[in-house]
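Observations on the three-dimensional arrangement
Next come the chains, spelled out residue by residue.
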Amino acid sequence: MEFPKLSMEYLERIASEFDFEKAPLNRVEYVLATATAYLVIVVSWKAALDRREPSPQGAAKHGQAGGVLGLIQSLHNLILCVWSLIMFLGCGKCFIDRVVAEKSIYWYFCERMDQEAKGPLFFWSYIYYLSKYYELLDTFVALLRGKPPPSFKMHIYHHSVVMLMTWFW
């Protein structure tokens, strides 16, 4: 099986044919199930971490940024940075193309009510929505390191709610 070459032309073709109704994870039930599972798992995991006996060498070990988990966290953050840049450039190109085509930016502030979730700009919005699933991993990496993220409650609230917000967008 041969994979298609990832090129700008390929991305533009996929984006122009995009239809949210046919995309994976396109129903709110997926978001609600994922957010619920995420909350149950990370809250339970944090409770288990809070109940364990702290060890002096374990606290020092988990407080360091190194090790395999530190490398995984750094790689995760690099992937998010590159992904964000690609989404920004994709949205920027769509924005410019549409401004030129419509000779207006009115749509940017108030989209037509009959506008279907199809085409390049909706493709990049969908990619942004999918990135919210990937972003859940940072909580798991932090918990694997034995050190929950700072402001844990705000962190998990943010991750669970932003997925829903991007789905509605």
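Described below are features of the structure shown in this document.

**Focus on the layout of surface pockets**
Here the largest pocket defines a volume of roughly 760 Å³. If you trace the largest pocket, you find 25 residues lining it, with Glu111, Leu121, Phe122, Ser125 and Trp169 closest to the centre. Secondary structure elements with two or more residues in the lining of the largest pocket: α4 (67-102), α5 (106-109), α6 (120-135) and α8 (152-168). Top contributing element to the lining of the largest pocket by residue count: α6, with 7 residues. Grouping the constituent residues of the lining of the largest pocket by class yields 20 nonpolar, 4 polar and 1 charged.

**Here we look at unusual backbone geometry**
The phi torsion at Leu25 lies on the positive side, around 60°, for a residue other than glycine. Leu25 gets classed as partly exposed once you look at its relative accessible area, which sits at 29%. You will see that Lys103, though not glycine, has its phi angle at about 55°, which is positive. Inspection of the secondary structure puts Lys103 in the loop between α4 and α5.

**Thoughts on the packing of aromatic side chains**
All chains considered together, the criterion is met by 14 aromatic pairs. Both rings, one in Phe18 and one in Tyr126, keep their centres 5.1 Å apart while their planes meet at 35°; by these two values the pair is tilted. Of this pair, Phe18 sits in the loop between α1 (8-16) and α2 (28-51) while Tyr126 sits in helix α6, and the two are 108 residues apart along the sequence. The class for Phe18 is buried, based on a relative accessible area of 9%. A residue is classified by how much of its surface remains accessible, and Tyr126, at 7% relative accessible area, is buried. A connected cluster of aromatic rings, assembled from ring pairs, spans Phe18, Phe20, Phe123, Trp124, Tyr126, Tyr129 and Tyr133. A cation over a ring is seen here: Lys46 above Phe152, with NZ or CZ 5.4 Å from the ring centre.

Parameters and conventions
Residues numbered from 1 in each chain as written. Predicted model: local features only at pLDDT ≥ 70, side-chain atom pairs only at ≥ 80, totals over all residues. Heavy atoms only, no water. 1 Å grid on protein atoms, 1.4 Å probe; cavity = no way out; pocket = protein on both sides within 12 Å on 5 of 7 lines; lining within 4 Å. Points joined across faces, edges and corners; volume = space filled by probe spheres on them. Helix = DSSP H or I, 4+ residues; strand = E, 2+ residues; numbered from the N terminus. Nonpolar A, V, L, I, M, F, W, Y, C, P; charged D, E, K, R; others polar. Buried < 20%, exposed > 50% of the residue type's maximum accessible area, 1.4 Å probe, protein only. Phe/Tyr/Trp six-rings, centres within 6.5 Å; stacked < 30°, edge-to-face > 60°. Lys NZ or Arg CZ within 6 Å of the ring centre and 35° of its normal.

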